[in-house]
Amino acid sequence: MRLIIEKDPKHVAIWTSQYIAKLINRHFENNPEKPFVLGLPTGSTPLETYTELIKLNKKGAVSFKNVITFNMDEYVGLPEEHPESYHTFMWGNFFNHIDIKSENVNILDGNAPDLLKECRDYEDKIKAVGGIDLFLCGVGSNGHIAFNEPFSNLASRTRLKTLIHQTRIDNSRFFGGKLENVPRNALTVGVQTITDARHLLVLAVGENKAMAVKMGVEGAYSHMCPISVIQAHPKAMMVCDRKAVQELSARTVDYFHDIEDRIRKEIW
Ligand code: GLP
């Protein structure tokens, strides 16, 4: 895996948006007709990256006309038009502002009459478009990815999950600080759905992610910390700000700084 350390969340967003644009543009140079398939997260972390991608799209540096997206997760039982549904989040913060075709946007339906079928169909759809080229992810303070909480099966696929108490507490800030308003269940892509992507890009900013970053980068590859799967992915990268790496040992930070020049040359 690779680790990029930028000075603050703004620079994390600039770096990430340029990297995503680069991958998309490179893909279309080689396969002009084939859609680029992008996995996307919600949460506060990717917001600035979406803002930067919108800017790049508006100035013509990247187009989403032939991009197909799959979102990671959605709450169960929250109406799509609810201000905190991930449908509302994605359209309001990203899709409404770029040149993506609405039929190319995929978000799990947390109100589907048959939730298990909804999950199976989602996996089939990902397969039908040839798999995900790049999965952009955030990480929870306990190391969860999407809604794959600690002890999730690392070979899991899209399914129904019960949210643990800590995640509901973390997310209650979006629900007026009221824990009772945070849904108890969600549909989520599985850990394996994420690691099947050809590229994996994990964002972590702020000190409340520092323990998750430490466990993911220096800890054991383990279902206790789902984000640790980045250790075994052939093309995984974590992009952090300085606060998110404050629990890493100096030796770890030195190592990733040493190889950073090489990474930058490879990528840009
Ligand atoms: C939620 C989402 C995750 C996200 C996490 C962290 O639980 N399901 O996909 O990574 O929150 O969110 P934030 O970026 O707001 O810290």
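Just above, that's the structure.
Residues numbered from 1 in each chain as written. Predicted model: local features only at pLDDT ≥ 70, side-chain atom pairs only at ≥ 80, totals over all residues. Heavy atoms only, no water.

(A) Quick peek at the sheet that holds strand S8 (residues 185-188). With respect to topology, three strands assemble into an open sheet ordered S4-S8-S7, the strand pairing being antiparallel. Edge strands, defined here as strands with exactly one partner in the open sheet, are strand S4 (73-75) and strand S7 (159-162). Averaged over all adjacent pairs, the angle separating strand axes in this sheet is 30 degrees, with direction ignored. Where S7 lies against S8, four bridges are found, and the strand directions are antiparallel. For Lys161, the partnering residue across the bridge sits in S8 and is Ala186. (Pairing = 2+ DSSP bridges. Helix = DSSP H or I, 4+ residues; strand = E, 2+ residues; numbered from the N terminus. Axes fitted to C-alpha atoms, helices over the stretch in contact; angles between N-to-C directions.)

(B) Fine view of the packing of aromatic side chains. Tallied over the full model, the rule gives eleven aromatic pairs. The interplanar angle of 85 degrees and the centroid separation of 5.6 Å between the aromatic rings of Phe64 and Phe94 together place this pair among those described as edge-to-face. Here Phe64 is found in the loop between helix H2 (47-58) and strand S3 (67-71), whereas its partner Phe94 is found in the loop between helix H3 (86-93) and strand S5 (105-106), with 30 residues between them in sequence. Residue classification places Phe94 among the buried positions, given a relative accessible area of 0%. Clustering of aromatic rings is evident, with ring pairs tying together Tyr50, Phe64, Trp91, Phe94 and Phe95. (Phe/Tyr/Trp six-rings, centres within 6.5 Å; stacked < 30°, edge-to-face > 60°. Buried < 20%, exposed > 50% of the residue type's maximum accessible area, 1.4 Å probe, protein only.)

(C) Structural detail: the state of the cysteines. All chains considered together, the criterion is met by zero disulfides. This cysteine, Cys119, is not joined by any disulfide, and Cys137 carries the nearest cysteine sulfur, 18 Å off. No disulfide involves Cys137; its sulfur sits 13 Å from the nearest other cysteine sulfur, which is in Cys240. (Disulfide = S-S within 2.5 Å.)

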